Amino acid sequence: MKSRFSAMHRSVLTVIVGFLLCSTTYGQSTESVGSKTVESLKFKDITWDIPQLGKDVKVDTLKNGILLFMLEDHRLPTLSVNTLVRTGSIYEPTEKRGLASLTGAVMRTGGT
């Protein structure tokens, strides 16, 4: 079955339809009420002071050599503990290859 329009006619028709679709939104405002509201909001500048070791951050060493860095923040009644363990496959012996990976996976998932 032959097409009613040739390839050239389809191309011209596509261009005309695209032009009509674009021209209908040309004169309309693209700003919504919500975007105008957001633009009118004013905020204070963000300030952040880096804690000083020894002044703001207390440093203590346990008997086994573990370093503790403690920073008090009384804005919220929470306690947060972050741990950095300096280990890895660089320290494992050749005959126990994979032990560091297994230990790390168990520590992250909370397994025993």
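Residues numbered from 1 in each chain as written. Predicted model: local features only at pLDDT ≥ 70, side-chain atom pairs only at ≥ 80, totals over all residues. Heavy atoms only, no water.

A. Local environment of the overall build of the protein chain. Within the protein chain, the secondary structure is distributed over 3 helices and 2 strands. Counting across all 112 residues of the protein chain, residues that qualify as buried make up 3%. When the accessible surface of the protein chain is summed, it comes to about 11800 Å², and 61% of that surface belongs to carbon and sulfur atoms. (Helix = DSSP H or I, 4+ residues; strand = E, 2+ residues; numbered from the N terminus. Buried < 20%, exposed > 50% of the residue type's maximum accessible area, 1.4 Å probe, protein only. Areas by Shrake-Rupley, 256 points an atom, 1.4 Å probe, with all protein chains shown as cover.)

B. Representation of the layout of surface pockets. Roughly 1000 Å³ of volume is contained in the largest pocket. Tallying contributions element by element places strand S2 (residues 67-71) first for the lining of the largest pocket, with 5 residues. Taken together, the residues that form the lining of the largest pocket break down as 11 nonpolar, 6 polar and 4 charged. (1 Å grid on protein atoms, 1.4 Å probe; cavity = no way out; pocket = protein on both sides within 12 Å on 5 of 7 lines; lining within 4 Å. Points joined across faces, edges and corners; volume = space filled by probe spheres on them. Nonpolar A, V, L, I, M, F, W, Y, C, P; charged D, E, K, R; others polar.)

C. Focus on a nonpolar patch on the surface. On the surface, Met8, Val12, Ile16, Phe19 and Leu20 cluster together into a nonpolar patch covering about 530 Å² of accessible area. Along the polypeptide, Phe19 turns up in helix H1 (residues 7-24). (Patch = residues over 30% accessible without salt bridge, like charges linked within 9 Å, V, L, I, M, F, W, Y side chains within 5 Å. Salt bridge = Lys/Arg side-chain N within 4 Å of Asp/Glu carboxyl O.)

D. Quick look at the side chain of Glu92. Counting through the fold element by element, Glu92 comes out in the loop between S2 and helix H3 (99-109). Here Glu92 occupies a buried position and makes no salt bridge, while the nearest side chain of opposite charge, Arg97, is found at 5.5 Å. Within the local environment of Glu92, its side chain forms a polar contact with the backbone nitrogen of Leu99, the two atoms lying 3.2 Å apart. Within the structure, the side chain of Glu92 is placed 2.8 Å from the backbone nitrogen of Ala100, a separation counted as a polar contact. Sequence-distant contacts of Glu92, defined by excluding residues within four places in its chain, comprise Arg97, Gly98, Leu99 and Ala100. (Lys, Arg positive; Asp, Glu negative; His and termini not counted. Polar contact = N/O pair within 3.5 Å; in protein donor to acceptor, adjacent residues only side chain to side chain. Contact = heavy atoms within 4.5 Å.)

E. Summary view of the confidence of the model for the protein chain. Averaged over the protein chain, the pLDDT score is 81; the fraction of residues at 70 or greater is 88%. Predicted confidence in the protein chain is weakest over H1, with a mean pLDDT of 76, and strongest over strand S1 (residues 57-61), with 90. (pLDDT = per-residue confidence, 0-100.)

F. Broad picture of the pattern of salt bridges. Scanning the entire structure with this criterion turns up 2 salt bridges. Measuring nitrogen to oxygen at the nearest pair gives 3.3 Å for the salt bridge that ties Lys58 to Glu72. Separated by 14 residues along the polypeptide, Lys58 in strand S1 and Glu72 in the loop between S2 and H3 bring together distant segments of the chain. By relative accessible area, which is 53% here, Glu72 ends up exposed. Across the pair Arg75 and Asp73 runs a salt bridge, and its minimum N-O distance is 2.6 Å. The class of Asp73 is partly exposed, set by a relative accessible area of 39%.

G. Focus on the pairing of S2. The pairing of S1 with S2 spans 5 bridges and is classified as antiparallel. By the bridge assignment for S2, Thr61 is matched with Leu67. The antiparallel pairing of S1 with S2 creates a hairpin that spans 5 residues between the two strands, and Gly65 there sits at a positive phi of about 95 degrees. (Pairing = 2+ DSSP bridges.)

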